[in-house]
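# Fold and contact review
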Amino acid sequence: MVSRIKNDLVCEIIRVSQTNLLARKKHESTEESGDDAVIKWIQSNAASYRSKYQDCLDSYSALELGDMLSRLTQSKTDLDRILKKYPKR
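These remarks concern the structure in this document. (Residues numbered from 1 in each chain as written. Predicted model: local features only at pLDDT ≥ 70, side-chain atom pairs only at ≥ 80, totals over all residues. Heavy atoms only, no water.)

## Re helix α2 (residues 34-57)
This is how the line gets drawn: Only DSSP runs of H or I with at least four residues qualify as helices, and only runs of E with at least two residues qualify as strands; both kinds are numbered from the N terminus onward. Helix span, as expected, comes to 1.5 Å for every residue beyond the first. Two axes enter the bend calculation: one fitted to the seven residues ending at the residue in question, the other to the seven starting there, and the bend is the angle between them. Using a 1.4 Å probe on the protein chains alone, a residue whose accessible area is under 20% of its type maximum counts as buried, one over 50% counts as exposed, and one in between counts as partly exposed.
Counted at 1.5 Å a residue, the expected span for α2 with its 24 residues is 34 Å, but the 29 Å between its end C-alpha atoms falls short. A bend of about 55° at asparagine 45 is the largest found in α2. The set of residues buried in α2 consists of Gly34, Val38, Trp41, Ala46, Tyr49, Tyr53 and Leu57.

## Remarks on the pattern of salt bridges
Convention followed: Just to be clear on terms, a salt bridge is a Lys or Arg side-chain nitrogen sitting within 4 Å of an Asp or Glu carboxyl oxygen.
Scanning the model with the defined rule gives 7 salt bridges in all. Residue glutamate 12 is joined to arginine 15 by a salt bridge in which the shortest nitrogen-to-oxygen separation is 2.7 Å. One end of the pair, glutamate 12, and the other, arginine 15, are both in helix α1 (residues 2-28), 3 residues apart, so they sit about a helical turn from each other. With a relative accessible area of 28%, glutamate 12 lands in the partly exposed category. Salt-bridge contacts for arginine 24 lead to glutamate 28; the nearest nitrogen and oxygen are separated by 3.6 Å. Of the two residues, arginine 24 and glutamate 28 both sit in helix α1, 4 residues apart, roughly one turn of that helix. The class of glutamate 28 is exposed, set by a relative accessible area of 58%.

## Overview of the packing of aromatic side chains
Filter applied, for reference: Geometry of aromatic contacts follows a simple scheme: Phe, Tyr and Trp rings, the Trp one being its six-membered ring, pair when their centres are within 6.5 Å, and the pair is stacked under 30 degrees between planes, edge-to-face over 60, tilted otherwise.
One pass over the structure, following the stated rule, counts 3 aromatic pairs. Centre to centre, the rings of tryptophan 41 and tyrosine 49 are 5.5 Å apart; their planes meet at 75°, and the pair counts as edge-to-face. In this structure tryptophan 41 comes out as buried when scored by relative accessible area, which is 11%. With a relative accessible area of 8%, tyrosine 49 lands in the buried category. Both rings, one in tyrosine 49 and one in tyrosine 53, keep their centres 4.8 Å apart while their planes meet at 65°; by these two values the pair is edge-to-face. Linking tyrosine 49 with tyrosine 53, this pair stays in helix α2, spanning 4 residues, or about one helical turn.

## Some remarks on the nonpolar core
One recurring pattern in soluble globular proteins is that nonpolar side chains are buried together. This is how the line gets drawn: Among buried residues, those of type Ala, Val, Leu, Ile, Met, Phe, Trp, Tyr and Cys that are joined through side-chain atoms within 4.5 Å constitute a nonpolar core. Residue contacts are counted whenever heavy atoms from the two residues lie within 4.5 Å of one another.
In this structure, Ile13, Leu57, Leu65, Met68 and Leu79 are the most contacted members of the largest nonpolar core, which totals 22 residues. Here this core gets 7 residues from one element, more than from any other, and that element is α1. Excluding residues that lie within four positions of it along the chain, leucine 57 makes contacts with Val10, Ile13, Ile14, Leu65, Met68, Leu79 and Leu83.

## With respect to the environment of glutamate 64
By secondary structure assignment, the location of glutamate 64 is in helix α3 (residues 62-75). Put simply, glutamate 64 and tyrosine 86 are 22 residues apart on the chain and 8.6 Å apart in space, counted from C-alpha to C-alpha.

## A few points about the side chain of threonine 77
Residue placement: threonine 77 occurs in the loop between α3 and α4 (79-82). Other than its neighbours up to four places away in sequence, threonine 77 contacts Asn20, Leu72 and Ile82.

Structure (structure tokens):
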């Protein structure tokens, strides 16, 4: 049961982080190329982003993961910035 909860938290954290990151990338791009920049990033980086953070997040407790998800949702930032607040594992 706990591993299922942790797995769901990890998946949601990665999804929210990617959404926040892509929103920032779109905002930083020119209006005409914003969508193109997002599509290009997804094609080139989405799978490696997920696997990188999947491995990293597996070592945290469900409580820490819940806190990370809350911070991501409230701050609209991505995991690179959030993980600086947590000890490396």
